Amino acid sequence: MSENPLVLIVEDEANIRDLLRTALRFHGFETGAARTGAEALRKARDRRPDLVLLDVMLPDVDGFEVCRRLRSGGDQVPVIYLTARDTPSDTVTGLTLGGDDYVTKPFSIDALVARVRAVLRRAAPEKRDPRLRVADLEMDEARWTVRRAGTDIDLSPTEFRLLAFLMRNAGRVLTRAQLLENVWGWEHHGNAQVLETYVSYLRRKLEPLGPPLIHTKRGVGYFLRE
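Read on for an overview of the structure. (Residues numbered from 1 in each chain as written. Predicted model: local features only at pLDDT ≥ 70, side-chain atom pairs only at ≥ 80, totals over all residues. Heavy atoms only, no water.)

So, on to the overall build of the protein chain. Helix and strand counts for the protein chain stand at eight helices and 12 strands. Over its C-alpha atoms the protein chain spans a radius of gyration of 18 Å, differing by no more than 12% from the 17 Å that the globule rule assigns to 226 residues. When its C-alpha atoms are laid out on the principal axes, the protein chain stretches across 55 × 35 × 30 Å. In the protein chain, buried positions account for 47% of the 226 residues. Partitioning the contacts of the protein chain with sequence separation of at least 6, the portion at a separation of at least 24 is 57%. When the accessible surface of the protein chain is totalled, it reaches about 11,300 Å², and 49% of it is carbon and sulfur. Of the charged side chains in the protein chain, 35 are positive and 33 negative; the average position of the first set lies 3 Å away from that of the second. (Helix = DSSP H or I, 4+ residues; strand = E, 2+ residues; numbered from the N terminus. Rg over C-alpha atoms; globule rule 2.2 N^0.38 Å. Buried < 20%, exposed > 50% of the residue type's maximum accessible area, 1.4 Å probe, protein only. Contact = heavy atoms within 4.5 Å. Areas by Shrake-Rupley, 256 points an atom, 1.4 Å probe, with all protein chains shown as cover. Lys, Arg positive; Asp, Glu negative; His and termini not counted. Charge placed at Lys NZ, Arg CZ, Asp CG, Glu CD.)

Let us look at the environment of arginine 35. Within the secondary structure, arginine 35 sits in the loop between strand 2 (30-34) and helix 2 (37-47). Sequence separation between arginine 35 and lysine 217 is 182 residues; the distance between their C-alpha atoms is 45 Å. Every residue in contact with arginine 35, bar those within four places of it in the chain, is listed here: Glu11, Asp12, Arg17, Leu58 and Pro59.

With that settled, consider unusual backbone geometry. Here the amide bond leading from lysine 105 into proline 106 is cis, since omega sits at -5°, within 30 degrees of zero. In this structure, alanine 135 takes a positive phi of about 55° despite not being glycine. By the secondary structure assignment, alanine 135 is in the loop between strand 6 (131-134) and strand 7 (137-140). By relative accessible area, alanine 135 is classed as partly exposed at 30%.

Take the environment of tyrosine 81 next. For tyrosine 81, the location among the structural elements is in strand 4 (residues 79-83). If sequence neighbours within four positions are ignored, tyrosine 81 has contacts with Leu54, Val56, Gly63, Phe64, Cys67, Gly94, Leu95, Leu97, Gly99, Asp101, Tyr102 and Val103.

Right, let's get into the sheet that holds strand 5 (residues 101-104). Pairing is parallel in the open sheet, where five strands are placed in the order 2-1-3-4-5. The strands lining the two open edges of the sheet, one partner per strand, are strand 2 and strand 5. Here the strands of the sheet are splayed against their neighbours by 20° on average, with no regard to which way each runs. In this structure, strand 4 lies alongside strand 5, joined through four bridges in parallel fashion. Bridge pairing in strand 5 links threonine 83 to threonine 104. Across the face of the sheet, helix 1 (residues 14-26) comes into contact with strand 1 (6-10), strand 2, strand 3 (51-55) and strand 4 while running at roughly 165° to strand 2. (Pairing = 2+ DSSP bridges. Axes fitted to C-alpha atoms, helices over the stretch in contact; angles between N-to-C directions.)

Moving on, we come to the packing of helix 1 against helix 5 (residues 109-123). Contact geometry for helix 1 and helix 5: axes closest at 11 Å, N-to-C directions at 65°. Helix-helix and strand crossings are classified by hand; for helix 1 and helix 5 the assignment is right-handed. Touching Leu19, Leu20, Ala23 and Leu24 of helix 1 are Ile109, Leu112 and Val113, all from helix 5. Class assignment for the residues of the contact of helix 1 with helix 5 results in seven nonpolar, no polar and no charged. (Left-handed = near helix turned anticlockwise from the far one by under 90°. Nonpolar A, V, L, I, M, F, W, Y, C, P; charged D, E, K, R; others polar.)

In structure tokens, the structure reads:
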């Protein structure tokens, strides 16, 4: 990631788009802009931004579809949704498709910039051994691969981040708040439904290959161990 990260702003309302560009430039970011989903996909491919601020309501396709197409094409650029829709079903849909955070309108510019910085920090590579192992479960964070008992396991980007955090903290009970903050960047306990959904996804992929590894601490959170 460059010294001045490039943020692609995908927003069809000109006043909001211009406000975001001005604010992000003031805080040291480079910016690009797109008005439609098709334009966003083209600029994401051509300019390779460090992060995408993605409005959900666009004139051609919605932001969820834009994110889905990015991920299906192998692009793991961090995505923060901007939307006036904040129902639990919309939140789950957006994050299931590979989004990294979800900001509802109207929003504070300072709070949005803080979210952008937090997501970029989580996305930045860390200097640590990329290989993790717990029992017969192996992960290579550099190659984005997971194997259990010699069998390759296909994970979505969010499933991978959640499993990586559990493996890096194997044996420790992690609260729901800790998991939400470190995997999704959220501090709000009300989004626990998203966490429970992804834990269920991981269990369905891991448990056919061996004994349960992800355990529940009732009323607290989850932990991973043999």
